[in-house]
Amino acid sequence: SASEELSALRNETGRMQASLEALERKEVSLIKDADDSKKVLGEIDLSIRDVEGSLRDKNAEVLLLSEKKSVYTSEAASLREKIEHLRDELSKTKEGLASSISRMGSLKELVLDAPTREILQDGPNLHIVSSLPDILNVEPEYEKAVENALSEKINSFILKSLADIEIAISTLKSKGSGRMSFIPLDSRTTDELSDVPDGIIGRAVDFVRVDAEFAGIAKNLLKNIFIVKDLKTALALQSSVVSRQSSVFVTLDGEIVEPSGAVIGGEGRGVLKRKRELREIEELIGQKTDSISMLQEDINRLQQELSDKESGIRDIETAVVNAEKEMSLSKFTSANYQEEKDRTDRKLAYLSIEVEEIIREKESLKNMITEKEKAISAGESEKSAIEK
């Protein structure tokens, strides 16, 4: 009947209305879900930006560290080179020192002959002040002249007093040693120097330097010795009037013309030359010893610098390893964020499709409801007409 049909229509419309409400609720929930996902996306983007910023910073830090390391490495290499060079120099200087020391030993052997050494070893009761070669500082070109003019006196020992000289002479006798010469320290300077003849280079005493305490000894020994150019000059001077003043003429080569007219030639022992060489070599040994300790100090200082640089390089390497660990962790984190972003993007796409579908379903339901309501309205009109 018409009444039943109407009732059925109303029920159907009710059901459709309920479905429409359910769809609207679902739409609201989906839109909220989409909004939440958009918020999450914004947060993920911020996180990705942070991670990428930190990656850039670490990358820049690693670059800086690498530059610093290459600077340190080249500085360390140059320090190693310097140390190597100084070590070579040190070993050469040590070799030089060793050969100077051995040369000094040989010179000492030559300067002090055996009997002299034995006498010296007897020493406690002898007050030996010095020896003549040790106190005379002669200019090199006049060494031969002065030494030969002094003849065997050149090896004289200077003793404190005449009493010491007596002890020394008796020691010589008891040992049966060769001849030796001794000079007392408190030598009185005797008569004044004789006149200087023309044609000589100078007095021997003018070419010799001695300390003040030995000035008297030098003056006494050398007072009448004149240095001349050559033997011809010496002979000419000796035969002239001057010879009466007991002058000894000695040439630069060491030939001697005595007041008696005796002429002495030939090579001397070169004691003064050796003594000078000894003094020079002792000075050289001093310089080399100083050089060695300075070189050693330089090497130690550079070694310290090198070890600081090497420890700096190790620190940099550790820092690089740590930075690289942090970078790989950041890359891992970034990849995780990217995955999450992709998932959220997919979810948003899916949600927007669902929302579109619901909108279509709602439209068709609304149309159907409108149709049904029209049918109900028509049915109701028909029913009321029948009732009338």
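Everything here concerns the structure above.
The rules we used
- Residues numbered from 1 in each chain as written.
- Predicted model: local features only at pLDDT ≥ 70, side-chain atom pairs only at ≥ 80, totals over all residues.
- Heavy atoms only, no water.
- Pairing = 2+ DSSP bridges.
- Helix = DSSP H or I, 4+ residues; strand = E, 2+ residues; numbered from the N terminus.
- Axes fitted to C-alpha atoms, helices over the stretch in contact; angles between N-to-C directions.
- Contact = heavy atoms within 4.5 Å.
- Parallel < 35°, antiparallel > 145°, perpendicular 65-115°, else oblique.
- Nonpolar A, V, L, I, M, F, W, Y, C, P; charged D, E, K, R; others polar.
- Core = buried A, V, L, I, M, F, W, Y, C linked by side-chain atoms within 4.5 Å.
- Buried < 20%, exposed > 50% of the residue type's maximum accessible area, 1.4 Å probe, protein only.
- 1 Å grid on protein atoms, 1.4 Å probe; cavity = no way out; pocket = protein on both sides within 12 Å on 5 of 7 lines; lining within 4 Å.
- Points joined across faces, edges and corners; volume = space filled by probe spheres on them.
- Salt bridge = Lys/Arg side-chain N within 4 Å of Asp/Glu carboxyl O.

**Section: the sheet that holds strand β4 (residues 182-184)**
- Spatially, β1-β3-β4 is the arrangement adopted by the three strands of the open sheet, whose pairing is mixed. This sheet does not close on itself; its edge strands, each paired only once, are β1 (128-131) and β4. Across the sheet, the mean angle separating the axes of adjacent strands is 30° when strand polarity is ignored.
- Strand direction decides the pairing type here: strand β3 (residues 157-159) and β4, joined by three bridges, are parallel. Each residue of the ladder has a partner; that of Ile158, found in β4, is Ile183.
- Its contacts with the sheet put helix α5 (residues 162-175) on β3 and β4, and the angle it makes with β4 is roughly 165°.

**Points about the packing of helix α4 (residues 143-150) against helix α8 (residues 271-387)**
- Where α4 meets α8, the axes come as close as 8 Å, and the angle between the chain directions of the two elements is 125°. The angle between α4 and α8 places the two elements in the oblique class. The residues of α8 that touch α4, namely those facing Glu143, Val146 and Glu147, are Val271, Leu272, Lys273 and Arg276.
- Looking at the contact of α4 with α8, its residues break down into three nonpolar, no polar and four charged.

**Points about the nonpolar core**
- Within the largest apolar cluster, 27 residues are counted, with the highest numbers of intra-cluster contacts made by Leu132, Leu136, Val146, Leu150, Leu222 and Ile227.
- Secondary-structure elements contributing two or more residues to this core are α3 (132-135), α4, α6 (215-222), β7 (225-228), β8 (248-251) and α8.
- When near neighbours in sequence (up to four residues on either side) are disregarded, Leu136 contacts Leu150, Val208, Arg209, Val210, Ala218, Leu272 and Arg279.

**Some remarks on the layout of surface pockets**
- Roughly 170 Å³ of volume is contained in the second largest pocket.
- Lining of the second largest pocket is provided by 13 residues; of these, Glu143, Lys144, Glu147, Gly270 and Lys273 occupy positions nearest its centre.
- Looking at the lining of the second largest pocket, the elements with two or more residues in it are α4 and α8.
- A per-element tally of the lining of the second largest pocket places α4 first, with four residues.
- A per-class count over the lining of the second largest pocket returns three nonpolar, three polar and seven charged.

**Details of the pattern of salt bridges**
- Summed over all chains, the structure comprises 18 salt bridges.
- Among the salt bridges present, the one from Lys341 reaches Asp45, with a minimum N-O distance of 3.2 Å. Note that Lys341 is positioned in helix α8 and Asp45 in helix α1 (residues 2-111), a separation of 296 residues in sequence.
- Classification of Asp45 by relative accessible area gives partly exposed; the value is 28%.
- In this structure, a network of salt bridges that share partners links the residues Lys58, Glu61 and Glu326.

Remember that the coordinates give geometry; whether it matters functionally is a separate question.
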